[in-house]
Amino acid sequence: GILLFYQYVVVPDVKSSIEDLRQVCKDLGLEGRIRVSAEGFNGNLSGTWGACEAFINQSPARVRELAGTDFKLAPCKDGETFRGLKVWETHEVCG
């Protein structure tokens, strides 16, 4: 599946959020990109349907600022998935 999300919210500890999100993604075998800034999150991930659903359920428990995020999950083919994982700090959610 392909999982897309963004959330404008104050992120008090960007570095901790990056570490937590990176670990959740690694644990679930998800690949893609997550931008983390003091103003929020912007993520594009892919993996198995179950792994994407698990991210939706687990990530707000690890990173409370993601509570209330409207995650978008859609099916995809193997050739449409992301390769590699990058979770990094940016100045803006979108940019």
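Residues numbered from 1 in each chain as written. Predicted model: local features only at pLDDT ≥ 70, side-chain atom pairs only at ≥ 80, totals over all residues. Heavy atoms only, no water.

1. Comments concerning the overall build of the chain
Right, so step 1: Helix and strand content of the chain: two helices and five strands.
Right, so step 2: Overall size of the chain, expressed as C-alpha extent along the three principal axes, is 35 × 25 × 20 Å.
Right, so step 3: Looking at the chain as a whole, 40% of its 95 residues are labelled buried.
Right, so step 4: Carbon and sulfur atoms make up 49% of the accessible area of the chain, which amounts to about 5400 Å² in all.
Right, so step 5: Counting 11 positive and 13 negative side-chain charges, the chain places the centres of these two groups 4 Å from one another. (Helix = DSSP H or I, 4+ residues; strand = E, 2+ residues; numbered from the N terminus. Buried < 20%, exposed > 50% of the residue type's maximum accessible area, 1.4 Å probe, protein only. Areas by Shrake-Rupley, 256 points an atom, 1.4 Å probe, with all protein chains shown as cover. Lys, Arg positive; Asp, Glu negative; His and termini not counted. Charge placed at Lys NZ, Arg CZ, Asp CG, Glu CD.)

2. Describing the nonpolar core
Right, so step 1: Judged by nonpolar contacts, the single largest core of 20 residues is most densely connected at Phe 5, Leu 21, Ile 34, Val 36, Phe 41, Leu 45 and Phe 55.
Right, so step 2: At five residues, the largest contribution of residues to this core is made by helix 1 (residues 14-28). (Core = buried A, V, L, I, M, F, W, Y, C linked by side-chain atoms within 4.5 Å.)

3. Let's talk about the side chain of Glu 65
Right, so step 1: Mapped onto the secondary structure, Glu 65 falls in the loop between helix 2 (49-62) and strand 4 (72-74).
Right, so step 2: Not counting residues up to four positions away in its chain, the partners in contact with Glu 65 are Gln 7, Val 9, Val 10, Val 11, Pro 12, Ser 17 and Phe 41. (Contact = heavy atoms within 4.5 Å.)

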